[in-house]
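Here is how the chains run, residue by residue.
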Amino acid sequence: MTSTTTSQQELFRFLEDRFACAQACTECARACALRASLVDPDGTENQELVRRRGIMCAEVCDATCRVLSEQNQVDESAIRAQLEWCRQVCLESAHVFDGHPGAEESARACRDCARACGEFLATLR
C-alpha cells in the first residue's frame, strides 16, 4: 500500500510540475512577445537584439507549452530536450533583458520559466 501511495504522490508531483512549467512558459511567452512589440524596429542594435530575443523566447516558450500539453504523444527524451532548450533560451533572454531599461518583468518571467523547466526536468531524471 505504501508503494501505491508513493507512486500516486510522484504522479501528482509530476503533473503539478508539468502544469507549473507550462504555466511559466505561457507567462514568459506573453511577457517576451510584449517586450518585443514595445521595441522600436528601427532602434539601436541593442534594441534590435532585445526585439529578436523577445520573439525567439516567446516562440520557444510557446512550443514548449505545446509539447507539455501533448498527453503521452511525445517521448520523454524529446520533452527533456525541449525543456533544456527552453531553459537555456530563457536564461539567455533574461541576460539580454537585464541590460534594457523597462524589461525587468520580461527578465523575471524568463528566470521563472527557466526555474520551472529545471524543476520539471528534475522529475524526469
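Please refer to the structure higher up on the page.
This section reports on the structure supplied with the text. All residue numbers refer to position in the chain's written sequence, counted from 1. With pLDDT at 70 or above as the cut-off, local features in this predicted model cover only qualifying residues; side-chain atom pairs require 80 or more to be listed or tallied, and sums for whole chains, interfaces and linings still use all residues. Excluded from the side-chain calculation are hydrogens and water; included are all heavy atoms of the structure.

1. Thoughts on the pattern of salt bridges
Line of reasoning, step 1. Here, a salt bridge means any side-chain nitrogen of Lys or Arg that lies within 4 Å of a carboxyl oxygen of Asp or Glu. The final tally for this structure, using the stated rule, is eleven salt bridges.
Line of reasoning, step 2. Here Asp 112 ties to Arg 115 by a salt bridge, and the two come within 2.8 Å at their closest N and O atoms. Highlighted residues: Asp 112 and Arg 115, both in helix 4 (residues 104-124), separated by three residues, approximately one helical turn.
Line of reasoning, step 3. Partly exposed describes any residue whose relative accessible area lies between the buried limit of under 20% and the exposed limit of over 50%, with all areas from a 1.4 Å probe on protein chains only and scaled to the type maximum. Its relative accessible area of 33% is what places Asp 112 among the partly exposed residues.
Line of reasoning, step 4. For Arg 115, a relative accessible area of 47% puts it in the partly exposed group.
Line of reasoning, step 5. Through salt bridges with shared partners, a single ionic network connects Glu 27, Arg 30 and Glu 105. Secondary structure elements follow DSSP: runs of H or I no shorter than four residues count as helices, runs of E no shorter than two count as strands, and numbering proceeds from the N terminus.

2. Some remarks on the packing of helix 3 (residues 76-98) against helix 4
Line of reasoning, step 1. Between helix 3 and helix 4, the least distance of the axes is 8 Å, while the angle of their chain directions is 155°. Judged by the inter-axis angle, helix 3 sits roughly antiparallel to helix 4. Read as a crossing pair, helix 3 and helix 4 show a hand that is left-handed.
Line of reasoning, step 2. Ten residue types, Ala, Val, Leu, Ile, Met, Phe, Trp, Tyr, Cys and Pro, are classed as nonpolar, four, Asp, Glu, Lys and Arg, as charged, and the remainder, Gly among them, as polar. Here the residues of the contact of helix 3 with helix 4 sort into 15 nonpolar, four polar and six charged. Axis lines are fitted to C-alpha atoms, over the contacting stretch for helices. Their N-to-C directions set the angle, which ranges from 0 to 180 degrees. Angular relationships are summarised with four words: roughly parallel below 35 degrees, roughly antiparallel beyond 145, roughly perpendicular across 65 to 115, and oblique for the angles in between. Crossing chirality is assigned from the near helix's rotation relative to the far helix, an anticlockwise turn below a right angle marking it left-handed and a clockwise turn marking it right-handed.

3. Concerning the side chain of Arg 53
Line of reasoning, step 1. Looking at the secondary structure, you find Arg 53 in helix 2 (residues 45-69).
Line of reasoning, step 2. Overall, the relative accessible area of 15% leaves Arg 53 in the buried class.
Line of reasoning, step 3. Once you skip the residues sitting within four places of it in the chain, Arg 53 turns out to touch Val 89, Glu 92, Ser 93, Val 96 and Phe 97. Pairs of residues are marked as contacts when any of their non-hydrogen atoms sit within 4.5 Å.

4. Some thoughts on the side chain of Arg 18
Line of reasoning, step 1. Within the fold, Arg 18 resides in helix 1 (residues 2-38).
Line of reasoning, step 2. The positive count covers Lys and Arg only, the negative count covers Asp and Glu only, and His and the chain ends enter neither. The charged side chain of Arg 18 is buried without a salt bridge, its nearest counter-charge being Glu 70 at 8.0 Å.
Line of reasoning, step 3. In protein, a polar contact means a hydrogen-donor-capable atom and an acceptor-capable atom, both N or O and within 3.5 Å, with residues adjacent in sequence counting only if both atoms are side-chain atoms; elsewhere, any N or O pair within 3.5 Å suffices. A polar contact of 2.9 Å, which involves the side chain of Arg 18, links it to the backbone oxygen of Glu 70.
Line of reasoning, step 4. Setting aside anything within four residues of it in sequence, one finds Arg 18 in contact with Val 67, Leu 68, Glu 70, Ile 79 and Phe 120.

Purely geometric numbers; function is a separate question.
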